[in-house]
Amino acid sequence: MSSPVEQQKKEEGKKNTFTVIDNRTGKSFEIPITNETVKSIDFRQFKEQQSDFGTMIYDPGYYNTAVCKSQITYIDGDRGILEYRGYPIEELAEKSSFLEVGYLLIYGDLPNREQLNVWQTKIMNHTFIHENLISMMKGFRYDAHPMGMLISTMSAMSTFYPDANPSLAGVDIYKNKQLMNKQIFRILGKLPTIAACAYRHRIGRPYNDPLNTFTYTENFLYMLDRLSETNYKPHPTLTRALDKLFIIHADHELNCSTATMRQISSTLVDPYTAVAGAASALYGPLHGGATEAVLRMLEAIGTVENIPNFLSLVKQKKQRLMGFGHRVYKSYDPRAKILKKVTQEIFDLLGMNPLMKIAVELERLALSDSYFIDRQLYPNVDFYSGIIYKSMGFPTDMFPVLFSIPRAAGWLAHWVEGLSDPELRIFRPRQVYLGRRGLTYAPLESRQASPQNEKLVSFSSGFDRRRDVSEVLYSFDESCAIPKTATGSKNQLSASIEQSFGEKLSL
Ligand SMILES: CC(C)(COP(=O)(O)OP(=O)(O)OC[C@H]1O[C@@H](n2cnc3c(N)ncnc32)[C@H](O)[C@@H]1OP(=O)(O)O)[C@@H](O)C(=O)NCCC(=O)NCCS
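Residues numbered from 1 in each chain as written. Predicted model: local features only at pLDDT ≥ 70, side-chain atom pairs only at ≥ 80, totals over all residues.

**Let's talk about the site of the ligand**
Around the ligand sit 17 residues, and of these A290, L321, G325, R327 and R375 come closest. For the shell around the ligand, the per-class residue count stands at 8 nonpolar, 5 polar and 4 charged. (Near = placed C-beta within 6 Å. Nonpolar A, V, L, I, M, F, W, Y, C, P; charged D, E, K, R; others polar.)

Here's what the structure looks like:
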């Protein structure tokens, strides 16, 4: 064993570099390591011929690529640790409020009493939305998915604030921090109002105006639930539970939607458009839409007895166990632990949800099965949040909306940090091109039919089929007409019909 002095000398002489030998040329390169990271551009110098482009890093899905430096959220996926600006998530969920956490994420420190008062007042003074936005929302179909309404309305908001649009007001406008703050107040203030309008639209009730004397989550529940009462007040246990859910969903470093926020913002577009884009990424079933997918999965399983059969389908890769697995956590998601406690508080108030029995047994069986153990698949935040939302009486399609409201605080924290980063560049990844090159353009008449044409066959609805069997006069050469009916296999067709009509998946 080396003595402490020898150890120190070793440390002093240590070089923070990799020496890489290119076996094609025999050349050796020294690549600096900073923060356990190498710069991918340093690999460009690896070339076989001087005229070559140079070596790129291939990383589909960004498994091991850092695209920015950040001081917002820390995750240790192996140990199940999550911290916002250095504070453990467990402590924030227990002691803090969502707005306090939003301030922490965006501005870097917990606010003092006075800062918190100003922050709350500013946000609650920005909860009203323009009447034209309300008219626009009323134009959606009666059964429009509330997430589609939220995304569209957020995107439309950019047209209401030309002063906030760099395309109109100048690329550098967000060097002005006051202008930046204004958009933060507007987005965080108006999102719950938009979400509540989308919900009320879905259930066919008039939209409620915000009540700014309430807290953030209290006002949201009020806008969702008030009917004709003049003194309606949501139950404090529900308000607190929702606030905790908002805290644990507020940020999660570079998840898909936050990476999307950074990517879109790198073009310097306005924050409303960027938030709409981030929310679109969150909508997908592999991200924020997973909560919704978990609920649909539990409902489809139906009984505890069906679980082994379902897990066997998962292991055959015919089904996916939604709410399990995570790109970063390779142990129990700390947020899922917090949620298990909140679930109990909600059950004590509103009664037990029968899906909980299926969820607990599903978790137990999966965690004792080598398929899930070997792949380090544990429950993630979506596994229990769906049951909580359902027990609180939210329809399943509201789940991604309930995720988007708090996550906007994280998106905005990354927007602020990204725009002030001296290393910010427009996001523009590279590709490995494997396609054809240098073809000669053939005139239309001389081209052979290509098997690619099969791709033009699409699903036929009942309406299409009814029209297809009727006489249609083509105004162009019929030999070029697209085939009249879908030629997909019977299974494919029935699967898509099943999807369109929302029937249960069969196990
Ligand atoms: C979150 C998720 C997209 C991460 O994906 P990822 O990091 O790309 O992980 P991979 O898809 O490479 O998964 C690694 C292995 O575990 C399997 N796996 C991952 N999640 C799984 C799941 N939920 N159910 C069944 N198998 C799963 C994969 O099939 C793969 O198996 P293989 O090695 O035999 O091919 C993925 O775990 C998933 O789809 N989970 C369900 C959706 C969900 O809950 N999303 C919310 C995340 S907060």
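**Observations regarding the domain arrangement of the chain**
Domain assignment breaks the chain into domain 1 (15-57), domain 2 (83-432) and domain 3 (454-500). On a C-alpha basis, the centroid separation for the pair domain 2 and domain 3 is 39 Å. (Domains from an automatic or database assignment.)

**Comments concerning the nonpolar core**
With 103 residues, the main nonpolar core has L150, V275 and L412 as its most contacted residues. Ranked by residue count, the leading element in this core is helix 19 (residues 399-419), at 12 residues. Setting aside chain neighbours within four positions, we find V275 in contact with M154, I187, A408 and W411. (Core = buried A, V, L, I, M, F, W, Y, C linked by C-beta atoms within 7 Å. Buried ≥ 20, exposed ≤ 12 C-beta atoms within 10 Å, placed from the backbone. Helix = DSSP H or I, 4+ residues; strand = E, 2+ residues; numbered from the N terminus. Contact = placed C-beta atoms within 7 Å.)

**Quick notes on the sheet that holds strand 3 (residues 73-76)**
Sheet architecture is open: 3 strands sit in the order 3-4-5, paired in antiparallel fashion. Of all strands in the sheet, those with a lone pairing partner are strand 3 and strand 5 (87-88), marking the two edges. (Pairing = 2+ DSSP bridges.)

**Considering helix 19**
Its 21 residues place the ends of helix 19 30 Å apart at the C-alpha level, agreeing with the 30 Å of an ideal helix rising 1.5 Å per residue. A maximum bend of about 40 degrees is found in helix 19 at P406. Extensive coverage of helix 19 is indicated by the burial of 20 of its 21 residues. (Expected span 1.5 Å × (residues − 1). Bend = angle between axes of the 7 residues up to and from the residue.)

**Topic: the confidence of the model for the chain**
Mean pLDDT for the chain: 90, with 90% of residues reaching 70 or above. Long-range and interchain partners of residues 476-490, a stretch whose pLDDT sits below 50, account for 15 contacts in this model, where long-range means more than four residues apart. Across residues 500-507 the pLDDT falls below 50, and counting only partners more than four positions away or on other chains, this stretch makes 8 contacts in the model. (pLDDT = per-residue confidence, 0-100.)

**A closer look at the packing of helix 6 (residues 146-157) against helix 19**
Two elements in contact, helix 6 and helix 19, have axes whose closest approach is 8 Å; the angle formed by their N-to-C orientations is 35 degrees. Packed against helix 6, whose contacting residues are P146, M147 and L150, the element helix 19 presents P400, V401 and S404 at the interface. The residue inventory of the contact of helix 6 with helix 19, partitioned by class, reads 5 nonpolar, 1 polar and no charged. (Axes fitted to C-alpha atoms, helices over the stretch in contact; angles between N-to-C directions.)

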